[in-house]
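# Fold and contact review
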Amino acid sequence: MSLIVQKYGGTSVGNIERIRNVARRVARTANEGHEVVVVLSAMSGETNRLVALTLEANEFPIGREYDLVISTGEQVTIGLMALCLQEMGMKAKGFLGHQVAIITDSQFGSARIESIETERLVAELKSGVIAVVAGFQGVDAGGDITTLGRGGSDTTAVALAAALKADLCEIYTDVEGIYTTDPNICADARKLKKVSYDEMLEMASLGAKVLQTRSVEFAKKYEVPVLVRSSFSDAGGTLVCKEDKDMEKVVVSGITYNKDEAKISIIRVPDRPGIAVKVFRPLSEAAINVDMIVQNISHDAHTDLTFTVSKSDYKKAMKIIKEVAAVIEAKDVIGDTSIAKVSIVGAGMRSHAGIASKTFDVLAKEGINIQMISTSEIKISVVVDVKYTELAVRVLHEAFGLGKDEVVEEKG
Ligand code: ADP
Ligand code: ASP
Ligand code: MG
């Protein structure tokens, strides 16, 4: 007998029929003799709807009440799932984050899990109960409900798997695993059998939303084997696990894109020491993460400074930066929300030259203008106009030989 955590995403629990299908799969696992913890998302579209409502109520809603509202979608699905399982004759109970004591910090909207008190869950599992836990939510030291950032149910599942020392964490979604790029925009995308924690971490943080980045951090830290697969088929999925020798052979392992960022440019900033801190400190004090930063060379002691933030922070960031610009006597602030970041990811890039120039060449041939560039040891990211996202992904995917028909070593 093993302990298995199964997480089902929004599309998999999008209506009662789908919830019942998932319940059958859960019951089958339990009837095979396993202890099962089920983690659920809200029905697809529900969290977006709730976020939109909070924005109607308040221009800057993020805080205690925001989490109170946007965490409710999961309460509905866990209740319905437990009811379906009970109707099938199974012992099942739904639990909210605070009931299984998923303790987080108090960063509303993007809280981090600090600890999980597993006694209650362990006792329920021992008595033969299938525990159906609300994903995406926790509780802080003050007893207030928190949420873990969009896509956070993945993190709930992996964190529970780590805390319970589960044998496996299965992430059921609407695609059959992790692919070389998003299979919904590139028909040629190839499913990977295995992917290392590090590469998945990079892919997730660069936009492959199939797993929330923090869930991969947890998986890596506690060495939780994570199997990503579809709730709509029985196809074998992708195992996210420790790197093995075969994995290093691939130079480029995937192409990702992120449409959730916006670009802010401050024009004619005085070029002198201390300016960067004046610009970026107020943003960090407002808990706004800055991603890429580009500063131009200086002309007559002035320069332009461009950076990206997540779209959800854009309005707040613009407000702060306009105030800063007035103080430092910059000429103007220009915002642009129609951008996308496209990235080429691969551990093998460490030891291969020419990836950057090939990327720029491929994009130039398609007439795609590159607005910003950033590189690390194992990735190259470019910011382009959002309308070129799909095209850029497809041509890069093909140029780096990642497609189905290419003779590239299968990972794993
Ligand atoms: P869920 O609601 O199940 O959590 P998500 O929408 O969060 O599902 O994540 C699954 C989606 O991730 C897929 O439908 C796919 O469009 C997208 N995706 C992006 N990049 C990849 C990738 N490399 N491999 C698989 N799916 C990806
Ligand atoms: N329902 C939440 C969201 O849409 C959490 C999740 O789906 O993982 O972000
Ligand atoms: Mg998700």
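Reference entry: report on the structure contained in this document. Just so we're clear, the structure is a prediction, and the values are computed from it rather than from any experiment.

Here the focus is the site of ligand 1. If you check the shell around ligand 1, you find 18 residues, and the closest are Thr173, Asp174, Tyr179, Asp182 and Asn184. With respect to ligand 1, the backbone of Gly10 contributes an N or O atom lying 3.1 Å from an oxygen atom. Between ligand 1 and the protein, one listed contact pairs an oxygen atom with a side-chain N or O atom of Asp174 at 2.8 Å. Protein contact buries 88% of the 570 Å² of open area that ligand 1 shows by itself.

Let's shift gears to the sheet that holds strand E17 (residues 332-336). Each strand in a sheet pairs with its neighbour through backbone hydrogen bonds, running either in the same direction (parallel) or in the opposite one (antiparallel). Read across the open sheet, the four strands follow the order E15-E16-E14-E17; overall the sheet is antiparallel. Strands with a single pairing partner mark the edges of an open sheet, and in this sheet they are strand E15 (290-295) and E17. Across the sheet, the axes of successive neighbouring strands diverge by a mean angle of 15 degrees, strand direction being ignored. Both strand E14 (residues 261-270) and strand E16 (residues 302-310) contribute to a ladder of eight bridges, which runs antiparallel. Following the sheet pairing, Val269 is matched in E16 by Thr303. This element, helix H9 (residues 275-285), spans E14, E15 and E16 of the sheet and lies at about 20 degrees to E16.

Moving on to the nonpolar core. Within the largest apolar cluster, 44 residues are counted, with the highest numbers of intra-cluster contacts made by Val5, Val37, Cys169, Ile178, Met200, Val226 and Val240. Per-element accounting of this core gives the leading share, six residues, to helix H6 (residues 153-163). Sequence-distant contacts of Val226, defined by excluding residues within four places in its chain, comprise Val158, Cys169, Ile171, Ala219, Thr238, Leu239 and Val240.

All told, the structure shown has 21 salt bridges when counted by the stated rule. In this structure, Lys220 and Asp198 form a salt bridge, with 2.8 Å as the shortest nitrogen-oxygen distance. Of the two residues, Lys220 sits in helix H8 (residues 213-222) while Asp198 sits in helix H7 (residues 197-205), which places them 22 residues apart along the sequence. Given the relative accessible area of 37%, Lys220 is considered partly exposed. The salt bridge partner of Arg268 is Asp300, with a shortest N-O separation of 3.2 Å. Placement of Arg268 in strand E14 and of Asp300 in the loop between E15 and E16 is noted, with a sequence separation of 32 residues between them.

On to the site of ligand 2. Taken together, Ser41, Ala42, Thr47, Glu74, Phe136, Arg150, Gly151, Gly152 and Ser153 make up all the residues around ligand 2. Between ligand 2 and the protein, one listed contact pairs an oxygen atom with a side-chain N or O atom of Ser41 at 3.1 Å. Between ligand 2 and Thr47 there is a distance of 2.8 Å, counted from a nitrogen atom to a side-chain nitrogen or oxygen. The class makeup of the residues in the shell around ligand 2 is two nonpolar, five polar and two charged.

The rules behind each value
Residues numbered from 1 in each chain as written. Chains lettered and ligands numbered in written order. Predicted model: local features only at pLDDT ≥ 70, side-chain atom pairs only at ≥ 80, totals over all residues. Heavy atoms only, no water. Near = heavy atom within 4 Å. Polar contact = N/O pair within 3.5 Å; in protein donor to acceptor, adjacent residues only side chain to side chain. Areas by Shrake-Rupley, 256 points an atom, 1.4 Å probe, with all protein chains shown as cover. Pairing = 2+ DSSP bridges. Helix = DSSP H or I, 4+ residues; strand = E, 2+ residues; numbered from the N terminus. Axes fitted to C-alpha atoms, helices over the stretch in contact; angles between N-to-C directions. Contact = heavy atoms within 4.5 Å. Core = buried A, V, L, I, M, F, W, Y, C linked by side-chain atoms within 4.5 Å. Buried < 20%, exposed > 50% of the residue type's maximum accessible area, 1.4 Å probe, protein only. Salt bridge = Lys/Arg side-chain N within 4 Å of Asp/Glu carboxyl O. Nonpolar A, V, L, I, M, F, W, Y, C, P; charged D, E, K, R; others polar.

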